[in-house]
Each structure stands twice: as structure tokens, then as C-alpha cells.
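What follows is the residue order along each chain.
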Amino acid sequence: MNWIILIVAGLFESGFAFCLGKMKGVTGMEYYLWGAGFLACLVLSMALLAKAVQTLPIGTAYPVWTGIGAVGTVLLGIFFFHEPVSFLRLFFVTTLIASIVGLKMV
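Residues numbered from 1 in each chain as written. Predicted model: local features only at pLDDT ≥ 70, side-chain atom pairs only at ≥ 80, totals over all residues. Heavy atoms only, no water.

(A) Local environment of the overall build of the protein. Assigned secondary structure in the protein consists of four helices and zero strands. Counted from the first residue to the last, the protein has its helices and strands arranged as α-α-α-α. When its C-alpha atoms are laid out on the principal axes, the protein stretches across 45 × 35 × 15 Å. Looking at the protein as a whole, 33% of its 106 residues are labelled buried. For the protein, the exposed area adds up to about 6600 Å²; of that, 77% sits on carbon and sulfur atoms. (Helix = DSSP H or I, 4+ residues; strand = E, 2+ residues; numbered from the N terminus. Buried < 20%, exposed > 50% of the residue type's maximum accessible area, 1.4 Å probe, protein only. Areas by Shrake-Rupley, 256 points an atom, 1.4 Å probe, with all protein chains shown as cover.)

Pasting the structure below:
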């Protein structure tokens with residue numbers, strides 16, 4: 001169950017990065033709404049990470065959490081912010097995913 005909590009925490013990490021990206025291009029009330037989304041995702045991500053590390057080793061949980069957030073943020077950047085897609089970028093994201101899976105397996 002704590003692995004599922006950790007995965008959800010990583011997804012919320014991607015969520016707060018997404019909100020930061022959306023805050024770049026807006027002003028006024030929309031800026032504050034994306035800011036509220038950022039804070040909500042941040043709090044949920046940290047709280048879920050704290051819950052997950054009650055039973056998972058921190059040396060495994062933290063890198064998995066950051067890896068999920070990093071991969072999710074790269075994918076969100078590609079799909080929503082039209083960031084460049086290159087072979088090397090996808091290669092290194094793939095190696096990051098393989099490293100996350102490897103940490104879970106050991």
C-alpha cells in the first residue's frame with residue numbers, strides 16, 4: 001500500500017511543477033488559482049511522502065519519489081508546454097524509469 005502512496009506522492013510532485021509552469025504565462029486571478037494548485041499539490045505530495053516513509057526506507061523512497069516527479073514533469077512539459085522531444089531526452093528519461101524500477105526491485 002505504501003508503494004501506491006509513494007507513486008501518488010510522485011504524481012503530485014509533477015502536479016506542483018505543472019502548476020508552476022502554468023503560472024509563468026498568466027496574470028491576475030488565474031495566477032493565484034494556479035498558485036493555490038501549486039500549494040495544494042506541494043502539501044499533498046509532502047504529506048504522502050511522509051506517510052510512505054513510515055514503512056519504506058528513505059534511501060529508496062526519496063529517489064523513487066523524485067524520479068516519478070522528474071519523469072512526470074518531463075512528460076507534462078512535452079505534452080502541455082511543447083518542450084522539445086529528442087532521442088537523447090527520451091533515452092535519459094527511459095534510463096531514469098529503469099533506475100526507479102531497479103530501486104523498487106532491490
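(B) Here's a closer look at the nonpolar core. Listed in full, the 11 residues of the largest apolar core are Ile 5, Leu 6, Ala 9, Leu 49, Ala 52, Leu 56, Ala 61, Val 64, Trp 65, Ile 68 and Ile 100. Residue assignment for this core shows that the elements contributing at least two residues are helix 1 (2-24), helix 2 (29-52) and helix 3 (58-80). For this core, the element with the highest residue contribution is helix 3, accounting for four residues. If near-sequence neighbours (up to four positions away) are discounted, Ile 5 is found in contact with Leu 48, Lys 51 and Ala 52. Membership of the second largest hydrophobic core comes to five residues, among which are Cys 19, Met 23, Phe 38 and Cys 41. (Core = buried A, V, L, I, M, F, W, Y, C linked by side-chain atoms within 4.5 Å. Contact = heavy atoms within 4.5 Å.)

(C) The arrangement of the packing of helix 2 against helix 3 in detail. Viewed as axis vectors pointing N to C, helix 2 and helix 3 meet at an angle of 155 degrees, and their least axial separation amounts to 10 Å. One way to sum up the angle between helix 2 and helix 3 is to call them roughly antiparallel. For helix 2 against helix 3, the interelement crossing comes out right-handed. Along the contact surface, helix 2 presents Ser 45, Met 46 and Leu 49, while helix 3 presents Ala 61, Tyr 62 and Trp 65. Its residues assigned to classes, the contact of helix 2 with helix 3 comprises five nonpolar, one polar and no charged. (Axes fitted to C-alpha atoms, helices over the stretch in contact; angles between N-to-C directions. Parallel < 35°, antiparallel > 145°, perpendicular 65-115°, else oblique. Left-handed = near helix turned anticlockwise from the far one by under 90°. Nonpolar A, V, L, I, M, F, W, Y, C, P; charged D, E, K, R; others polar.)

(D) Molecular detail of the packing of aromatic side chains. Under the definition given, this model contains eight aromatic pairs. On the numbers, 5.4 Å between centres and 70 degrees between planes, the contact of Phe 18 with Phe 80 is edge-to-face. Residue Phe 18 is found in helix 1, and its partner Phe 80 is found in helix 3; the two are separated by 62 residues along the sequence. Ring centres of Tyr 31 and Tyr 32 lie 5.5 Å apart, and the angle between their planes is 85 degrees; this geometry places the pair in the edge-to-face category. Given a relative accessible area of 34%, Tyr 31 falls into the partly exposed group. Of the aromatic side chains, those joined through ring pairs into one cluster are Phe 18, Trp 34, Phe 80 and Phe 81. Sitting over the face of the ring of Trp 3, Lys 104 holds its NZ or CZ atom 5.0 Å from the ring centroid. (Phe/Tyr/Trp six-rings, centres within 6.5 Å; stacked < 30°, edge-to-face > 60°. Lys NZ or Arg CZ within 6 Å of the ring centre and 35° of its normal.)

Everything listed is a geometric property; what it means functionally is a separate question.
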